[in-house]
Amino acid sequence: MDELAELEDPRAREVNERHGDDHGVNLGKLRALAKRLKTQQELAGRLWATGDTAARLLALLICRPKAFGRDELDAMVREARTPKVHDWLVNYVVKKSPYAEELRLAWFADPDPVVASAGWALTTERVTKKPEGLDLAGLLDVIESRMKDAPDRLQWAMNHCLAQIGIDHSGQRARAIDIGERLEVLKDYPTSPGCTSPYAPVWINEMVRRQG
């Protein structure tokens, strides 16, 4: 914790806080610290228990993803309120867990939109890597009816799923683009030069062009 406090940078905190992340540690330095510590599951648990955002990010880098139980991961997702902690928890830990599919189904329709966004993130992973058994048309139905009015984090996760369906599944591409065009979600999102817009029709067309 002392080392993390020494890495605190007020300018980094200012930037991070604009995105809802209450820490001021440069992520490159955080990763270097994690590399030095290597995998330490017990330490990861103690760091997570502090509730401190930088400590939790470090915990997610040094933990053993398969060591967590299902209920433990469920509790962690419900505690992870800052976007970066939530994002790393889902991507670095839950996706590697033997309980990933079980949790995907449990979280997908959770009344808490942040928890539901984790279910959508896991669904997007399956859309790309293991689509067998997924009802893609059904997913598009849900996106079409709910994405426009969904809270920000859930809307972002649904939009990502919409884009991946359009990118990875040519049979659903025209409908995915049509839904994106009609809903206009993230159409005006500010995008840096050289980056692809998160607006689904642009995103889908650009990625398909690159795969060309």
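Report follows, based on the coordinates. (Residues numbered from 1 in each chain as written. Predicted model: local features only at pLDDT ≥ 70, side-chain atom pairs only at ≥ 80, totals over all residues. Heavy atoms only, no water.)

### Observations regarding the packing of aromatic side chains
Next, step 1: This structure, assessed with the given rule, holds three aromatic pairs.
Next, step 2: For the pair W88 and Y92, a centre-to-centre distance of 5.2 Å together with 35 degrees between the ring planes defines the contact as tilted. Placement of the pair is W88 and Y92 together in helix α7 (residues 83-93), with a separation of four residues, close to one helical turn.
Next, step 3: One residue, R56, lies across the ring of W48, its end atom 4.2 Å from the ring centre. (Phe/Tyr/Trp six-rings, centres within 6.5 Å; stacked < 30°, edge-to-face > 60°. Helix = DSSP H or I, 4+ residues; strand = E, 2+ residues; numbered from the N terminus. Lys NZ or Arg CZ within 6 Å of the ring centre and 35° of its normal.)

### Things to note about the side chain of T124
Next, step 1: Mapping T124 onto the fold places it in helix α9 (residues 113-129).
Next, step 2: Residues in contact with T124, not counting those within four places in the same chain, are A157, H160, C161 and Q164. (Contact = heavy atoms within 4.5 Å.)

### Here's the deal with the nonpolar core
Next, step 1: Ranked by size, the top nonpolar core spans 32 residues in total, and within it W48, L58, L60, L89 and W107 carry the most contacts.
Next, step 2: Secondary structure elements with two or more residues in this core: α3 (27-37), α4 (41-49), α5 (53-62), α6 (70-79), α7, α8 (100-108) and α9.
Next, step 3: Ranked by residues supplied to this core, first place goes to α5 with seven residues.
Next, step 4: Counting 27 residues, the second-largest nonpolar core is a separate cluster that includes W120, L140, I165 and A200. (Core = buried A, V, L, I, M, F, W, Y, C linked by side-chain atoms within 4.5 Å. Buried < 20%, exposed > 50% of the residue type's maximum accessible area, 1.4 Å probe, protein only.)

### Topic: α5
Next, step 1: The buried fraction of α5 amounts to nine of the ten residues, a majority that puts the element mostly inside the structure.
Next, step 2: Its buried side turned inward, α5 meets α1 (2-7), α3, α4, α6 and α7.

### Here we look at the environment of G171
Next, step 1: Tracing the sequence through the fold places G171 in helix α12 (residues 170-183).
Next, step 2: G171 sits in the exposed class, given a relative accessible area of 73%.
Next, step 3: Distance from G171 to S192, taken between C-alpha atoms, is 31 Å for residues 21 residues apart in sequence.

### As for unusual backbone geometry
Glycine aside, residues mostly have negative phi, and peptide bonds are mostly found in the trans state.
Next, step 1: Non-glycine residue E184 carries a positive phi angle of around 55 degrees.
Next, step 2: Relative to the assigned elements, E184 resides in the loop between α12 and α13 (200-211).
Next, step 3: The class for E184 is partly exposed, based on a relative accessible area of 42%.
Next, step 4: With a phi close to 65 degrees, L186 is a non-glycine residue in the positive phi region.

### Description of the pattern of salt bridges
Next, step 1: Tallied over the full model, the rule gives 22 salt bridges.
Next, step 2: Ionic pairing is found between R81 and D112, a salt bridge with its closest N-O pair at 3.4 Å. With R81 in the loop between α6 and α7 and D112 in the loop between α8 and α9, this pair connects stretches of sequence that are 31 residues apart.
Next, step 3: The exposure class assigned to D112 is partly exposed, which follows from its relative accessible area of 21%.
Next, step 4: Its salt-bridge partner being R182, residue D178 comes within 3.0 Å of it at the nearest N-O pair. Here D178 and its partner R182 are both found in helix α12, four residues apart, which amounts to about one turn of the helix. (Salt bridge = Lys/Arg side-chain N within 4 Å of Asp/Glu carboxyl O.)

### Let's talk about the environment of G180
Next, step 1: Within the secondary structure, G180 is located in helix α12.
Next, step 2: Judged by relative accessible area, G180 falls into the buried class, the value being 4%.
Next, step 3: Distance from G180 to N91, taken between C-alpha atoms, is 25 Å for residues 89 residues apart in sequence.
Next, step 4: When residues no more than four places from it in sequence are discounted, the contact partners of G180 are L162, V185, Y199 and P201.

### A short note on the packing of α3 against α5
Next, step 1: Relative to each other, α3 and α5 sit at 45 degrees, their axes nearing to 9 Å. Compared by their axis directions, α3 and α5 come out oblique. In the crossing of α3 with α5, the sense of the turn from one axis to the other is right-handed. Where α3 approaches α5, its residues L27, L30, R31, L33, A34 and L37 are matched on the opposing element by A54, L57, L58, L61 and I62.
Next, step 2: For the contact of α3 with α5, a count of residues per class yields ten nonpolar, no polar and one charged. (Axes fitted to C-alpha atoms, helices over the stretch in contact; angles between N-to-C directions. Parallel < 35°, antiparallel > 145°, perpendicular 65-115°, else oblique. Left-handed = near helix turned anticlockwise from the far one by under 90°. Nonpolar A, V, L, I, M, F, W, Y, C, P; charged D, E, K, R; others polar.)

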